[in-house]
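Each chain, letter by letter, is given below.
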Amino acid sequence: MSKSSIKTIGVLTSGGDAPGMNTAIRAVVRACSYYNLNSIGIREGYDGLINNQLSKLDARSVKYIINRGGTFLKSARSDEFRTKEGRMKAYQTIQENEIDALIIIGGDGSFRGASVFYEEYGIPFIGIPGTIDNDIFGTDYTIGYDTALNTAIEAIDRIRDTATSHNRVFFIEVMGRDAGFIALNSGIGSGAQDILIPEVKDSLEELFSSLEKSEISGKNSSVVVVAEGEELGNVYELANATKEHFPDYDIRVTVLGHIQRGGSPSCMDRVLASRLGIAAVEGLTEGKTNVMAGLQSNKIVFTSIEEAIKKHNEIDKELIKVAEILAR
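Residues numbered from 1 in each chain as written. Predicted model: local features only at pLDDT ≥ 70, side-chain atom pairs only at ≥ 80, totals over all residues. Heavy atoms only, no water.

Another point: the pattern of salt bridges. Scanning the model with the defined rule gives nine salt bridges in all. The residue Lys89 makes a salt bridge to Glu80 at a minimum N-O spacing of 3.0 Å. Judged by its relative accessible area of 39%, Lys89 is partly exposed. The residue Lys311 makes a salt bridge to Glu307 at a minimum N-O spacing of 3.0 Å. Overall, the relative accessible area of 38% leaves Lys311 in the partly exposed class. (Salt bridge = Lys/Arg side-chain N within 4 Å of Asp/Glu carboxyl O. Buried < 20%, exposed > 50% of the residue type's maximum accessible area, 1.4 Å probe, protein only.)

In structure tokens:
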């Protein structure tokens, strides 16, 4: 589709919500207004396309949402969109509403669905990475990651206060089913004794040795940050194994869970979401499609969806070394 033929852009949020998604929607809508394009909000992710749950948006309809967590368009994982029949219904909705292109705010699963849709029906689209996990290739940071980190840090700091007051060992689980970015960075930032992430092959012996060294060095409390995808076991299993090895330890478990997804987005996430939302609109008007807008070295870049899906951001090995040095 040529630059001049794009008149209306549809925007949706898909998959897990992330702080800053509302900010990204706002940027998309206001960029459309700036470039004299129509914008349509699609509710409930891909289900909204299938069920024709659409509403026209303008600059005023996205006021007062820049500071709100979540997504006012709602988000969902659509099983029906995985079927050819579901995608056909979605295409019919696009035709009926004269939508020329889509902006998809979500993670790799959302991008995968958009890519299949593009192959079948040729609807131009650009993805915006919105996930707290920060594991999408093609961008230094994903929308929501910074806020989730700050939420985790604040919670861990509070838990450390009570751990110190009672000479306790706390196992704290943070989100990260397949990636340890939140665990590693929040662990370093909060001064954790140990950090367990899926990318590093940990052992119980190493964990026990770390706790023993902590006790010998005079520490009267310890915090162990665990990514939910840690292969050694879940946080409760790790706590129980530690209790068996150190029966005198007063051990507690905290799972931070979905509080990491909510809350007002940080300034960094608001600026990132704003830049990527505008970049996605501009990219579509320039003829780009089947790509993801991202930020690398503080510059807007576009990465093919195929690469964004197949590759993943890797943990910085220097940060792992930093965590080891500081845990003394």
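Taken in spatial order, the seven strands of this open sheet run S3-S2-S1-S4-S5-S10-S11, and their pairing is mixed. Each of the sheet's edge strands pairs with one partner strand only, and the pair in question is strand S3 (54–57) and strand S11 (299–304). When the angles between neighbouring strand axes are averaged without regard to direction, this sheet yields 30 degrees. (Pairing = 2+ DSSP bridges. Helix = DSSP H or I, 4+ residues; strand = E, 2+ residues; numbered from the N terminus. Axes fitted to C-alpha atoms, helices over the stretch in contact; angles between N-to-C directions.)

Within helix H6 (residues 181–190), seven of the ten residues are buried, which leaves the element mostly enclosed by the surrounding structure. Listed as buried for H6 are Phe181, Ile182, Ala183, Leu184, Ser186, Gly187 and Ser190. Of the surrounding elements, those touching the buried residues of H6 are helix H5 (145–166), strand S6 (168–174), strand S7 (194–196), strand S8 (222–227) and helix H11 (317–326). Just downstream of H6 lies Gly191, where phi reads positive at about 75 degrees. (Contact = heavy atoms within 4.5 Å.)

This part covers unusual backbone geometry. In the Ramachandran plot, Asn52 falls in the positive-phi region, its phi being about 60 degrees despite a non-glycine side chain. Tracing the sequence through the fold places Asn52 in the loop between helix H2 (46–50) and S3. The class for Asn52 is partly exposed, based on a relative accessible area of 36%. The phi angle at Asn290 is positive, at roughly 60 degrees, despite the residue not being glycine.

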